[in-house]
Structure formats: structure tokens, C-alpha cells
Amino acid sequence: MITTLEPQLLQTLRDKITARTALIGVVGLGYVGLPFAVEKAKVGFKVVGIEQNPRRAERVNRADNYISDVSDDELRQVVASGRLHAETDFARVTELDVVVICVPTPLTKNLAPDLSYIESVTSEIAARLRPGQLITLESTTYPGTTDEVMRPLLERSGLKQGQEFWLAHSPERVDPGNRRYTTKNTNKVVGASDPWSLDLATCFYQQTIDHIVPVSSAKAAELVKVFENTFRAVNIALVNELALLCDRLGLNVWEVLDAANTKPFGIMPFYPGPGVGGHCIPIDPHYLEWKAKEYNFNTHFIALAGEINRSMPEFVRDKAWRVLNRLGIAPSRAKVLVLGVSYKKDLADWRESPAIEVIKLLLHDHAQVSYHDPYVPQIEVDGHALTSAPLRPESLASHDLVIITTDHSAVDYGLVLEQARAVLDTRGVTRRQHPNHPKVTLL
Ligand SMILES: NC(=O)c1ccc[n+]([C@@H]2O[C@H](COP(=O)([O-])OP(=O)(O)OC[C@H]3O[C@@H](n4cnc5c(N)ncnc54)[C@H](O)[C@@H]3O)[C@@H](O)[C@H]2O)c1
């Protein structure tokens, strides 16, 4: 049986969670926080969103959706019923029963963790903490953040974790754009350094998620998430390295991978591309690399994967110049259309996107660059604003080279191949419907 110095506090919060009368706060209404807030509101909880960007808070309160994984209808319903309301400050923290933190965890310029968002939010919460609250961290971070950074800040309030308040880490695993695995049916890892926090956090997440995976500490939960993203980064680097080797061997990397992936066991499909992007794969492994250094330990795989993945945009640039060279066009006279700038297909998110790096490199070589992306109307590259050009036959034909950097489903690749002079396909998207097309050079 669970015992605590304040058993009544714990039982009261547990009862409120199971009755869904607990008031939930979600700090940071972005790709992770907004879907989470809507899920909780959908099952009957009242949710207060705390979002520092006033435009985002205002849009939530108008039910004006800005995250593609959130359904417009569901957002409208939870806002109209008063179950979701966004605010821009922390004034209501004292009223909340559970506070879920979903703020960014970027890197500094020197690839060190930037915990300033987590620290600032935790300090705001600590200043208003009252007995009987559960705080959970969803942001991806290095092992130790919850116990070594958040806990001391929260205990400055004079309250003790495990006795008067509870603290847990439960890393978000959302795969933006994935229709099969949503928040509800994706197993959720939860860890905390005291049993009462683990029990409450598990109970809280069970309200909306089918299967909870408790682990013995917040540190273990933090490591689970960074390992998952490191696993992807390393495997993508492996196939990227294979692509670099195949280029030298004169072999088609896609053919090799397609054949390798027919093995019914012991292999997992990963594909090469122009690099890695988004808020997770290029960033999270470096959180672990940084933490490992505290223990005088070098995470060789992470460093190597980062090096290979970061080199891919340069390889794309070099391959593009080879194609243009065959056409007798110098880089400085080339007109290049970059097709797709978001980091992943069918999404609007272009944070850390390798396509942006490719554009930078092309511009640096004085090429004339335009882009098309059905999801991203505008981008900024090195201080220059660029607007997505319409994908029309005449505009395709007016470029010397089209580089497919993101394989959006909405693009008519048949039209691209028909009209473009030459195509560099870094995603292998044309190979199934148009194998060995004379205009196409694969990565
Ligand atoms: N996007 C993903 O696919 C994904 C998947 C799993 C985990 N994660 C992790 O989840 C965390 C959040 O990522 P995201 O993609 O949702 O980021 P995001 O940038 O989309 O959203 C974060 C939100 O927090 C707000 N914010 C920043 N500081 C704040 C403050 N002091 N007070 C209130 N609001 C504040 C921002 O304005 C923004 O709206 C990161 O640690 C990320 O690594 C992201």
C-alpha cells in the first residue's frame, strides 16, 4: 500500500484524476502541447493552456487550429464547451491540480542543451506551487533534468517532492503526421524518483492513453526517449553512409536497400536523404552526448551519426553541380527549383530542415534558387525571405534543375518529370512509378 506523509493529499488528487475533475495545465501549446491539451479536454478534463506566444493563445481561444495533428472539429468542440482555454501567464498555476510541461529543448550554438525554457517555466510554477499538485515534464531532455534541475527549483518553494507535491517525466512520442499511431494508442513511458509520483503520473496518463510503461526513475524515462531518437539518427546515418558509398561504387542505393529490406527478420527499413531535420533527430542525441561528457564518456555513435547526417546537404549540392555540369551549366548561372522544404513529408514544419541547408549552399554558390512546398508558403534563409512558387508546367520548364528534397504526397511527380529539364531525387520518390527515368538522378 502506498504511504506518504500526506496520504490525504495524494488520495484527493488521485480521486480528482479518476473522476476527471482535476484541473489540468499544459505549458507550451506547440506540436506536443496542443494535441495533448485537446486529448485531455476531449475526455472531460478542464484544461488551461499556458502559452507565452500571445498569437498562439489567441488562436486557440478562437479555435483557429495551427497544428495539423489536431482536428479542427475537436478543437472547436473543446473550446466551445469551455474545456480548453489558453492564457499567456502563470497566474492560474495555484488553481491547477496537474501541470504538464511541453516547452522546447533546443541546442545552443555549441551543441549544448539549452534548458532555459524548462528552467524558466519550472521557476514560474515553483513561485506558485501549493501542496497537492502533480508536475510532469514531456519535453525531451538528458537523463537527470527532472531530478537535478527541476526538483531543486520546485523545492525552493519549501514543499517536498513525494510528500507535498509530485514530479514525473513522461516523454512525448508523437510522430507528426502519423495517422496510425496517435497519442492514444502510442505506449507512454512514465518515470519518477518516488513511488507516489510514479503512481499519480501513471494514473493521470491512463485516463487518455491505452498502455502505460512505468520505469523506475525519471532518469530512465529521460534516457528511453533520447535513446529512441538516437537509434533513428544512427540508423539514418548508416543508410546515408551507404548512399555515399554507392555513389562512389556506381550502385543504386535504393535498389540495394529495397532488396535488403525483403529479408523477413533482422533488418529494419531506413532510407537515405538530404539530411535530418525537425525538433528531435538532429538535436536530442546531442543532449545525451553532452551528459555523457560529465562522466568522461564519449558517445562515439552519436558523434559519427551527427557528422554523417550533417554532411548530407553538401553531398546534395555536389551531386546537383555534377548534374548541371553534364548539362553544361555553371552553378552561378543555374536556375534551381527546390521541391519541398519541410523536414518531413506532408508536414508544414521546416525547423532544422536539411532542405534549408541545401538552399543556403546553392545560394552561396550564386545559383538562382526558388522553392515550392504545398505546406510552407514562406521561409527565411540567411535573412532572405522566400515565397513558395506555384508548381506550374512553365515554371518547372524554366528551371535547369529540380531537386526533390521532401517527398510530399500532394506533388504531381509525373508533371515534374514531364516538364523539368533534370531532376535530382534525394528521397527516391520517383523510383517506383518512374523507374530509370532518363531525367532523374537519384541520391
Ligand atoms: N514536435 C515533435 O514531433 C516532438 C515529438 C516528441 C517530443 N518533442 C519534444 O517536446 C518538446 C516540445 O516540442 P514542440 O515540438 O511541441 O515545440 P513547439 O515549439 O512546437 O512548442 C513549444 C511551445 O512552447 C511555447 N513556450 C516556450 N516557452 C514558453 C514559456 N516560458 N511559457 C509558456 N509557453 C512557452 C512556445 O511558444 C511554443 O508554442 C521538445 O522538448 C521536443 O523535443 C517534440
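Quick look at the structure, then. (Residues numbered from 1 in each chain as written. Predicted model: local features only at pLDDT ≥ 70, side-chain atom pairs only at ≥ 80, totals over all residues.)

1. Here we look at the nonpolar core
What counts here: A set of buried Ala, Val, Leu, Ile, Met, Phe, Trp, Tyr and Cys residues, joined to one another through C-beta atoms within 7 Å, is what we call a nonpolar core. Three exposure classes are used, all based on how many other C-beta atoms lie within 10 Å of a residue's own C-beta (placed from the backbone): buried at 20 or more, exposed at 12 or fewer, and partly exposed between those limits. Helix and strand definitions follow DSSP, with helices as H or I runs of at least four residues and strands as E runs of at least two, each counted in order from the N terminus. By the convention adopted here, residues are in contact when the distance between their C-beta atoms, placed from the backbone, does not exceed 7 Å.
Counting 60 residues, the largest nonpolar core has Val26, Val27, Ala37, Val99, Val100, Ile101 and Ala201 as the members making the most contacts within it. No other element matches the 6 residues that helix H7 (residues 195-206) contributes to this core. Look past the residues within four positions of Val100 in its chain and what remains in contact with it is Ile24, Gly25, Val26, Val27, Phe36, Thr136 and Glu138. Core analysis: the second largest hydrophobic core is formed by 43 residues, Cys246, Ala334, Ile403 and Val416 among them.

2. Brief notes about the sheet that holds strand S9 (residues 335-339)
Applicable threshold: The criterion for strand pairing is that DSSP finds at least two bridges linking the strands in question. All axes here are fitted lines through C-alpha atoms, helices being fitted over the stretch that makes contact, and every angle between N-to-C directions spans 0 to 180 degrees.
Taken in spatial order, the 5 strands of this open sheet run S10-S9-S13-S14-S15, and their pairing is parallel. Two strands in the sheet have a free side with no partner beyond their single neighbour: strand S10 (368-372) and strand S15 (440-442). Looking at each pair of strands side by side, their axes are set apart by 20° on average, direction ignored. Across 5 bridges, S9 lies against S10 in parallel orientation. Bridging across to S10, Val338 finds its partner in Tyr371. Here helix H11 (residues 300-326) sits on the sheet and contacts S9, strand S13 (401-404), strand S14 (423-425) and S15; the angle it forms with S13, its principal contact strand, is near 150°.

3. Things to note about the site of the ligand
The condition is simple: Put plainly, near means the residue's C-beta atom, positioned from the backbone, lies within 6 Å of the molecule or strand in question. Three classes are used: nonpolar for Ala, Val, Leu, Ile, Met, Phe, Trp, Tyr, Cys and Pro, charged for Asp, Glu, Lys and Arg, and polar for all others, with Gly counted as polar.
What surrounds the ligand is a group of 27 residues, the closest being Gly28, Gly30, Tyr31, Val32 and Ser139. Tallying contributions element by element places helix H5 (residues 116-126) first for the shell around the ligand, with 3 residues. Broken down by class, the residue content of the shell around the ligand amounts to 13 nonpolar, 10 polar and 4 charged.

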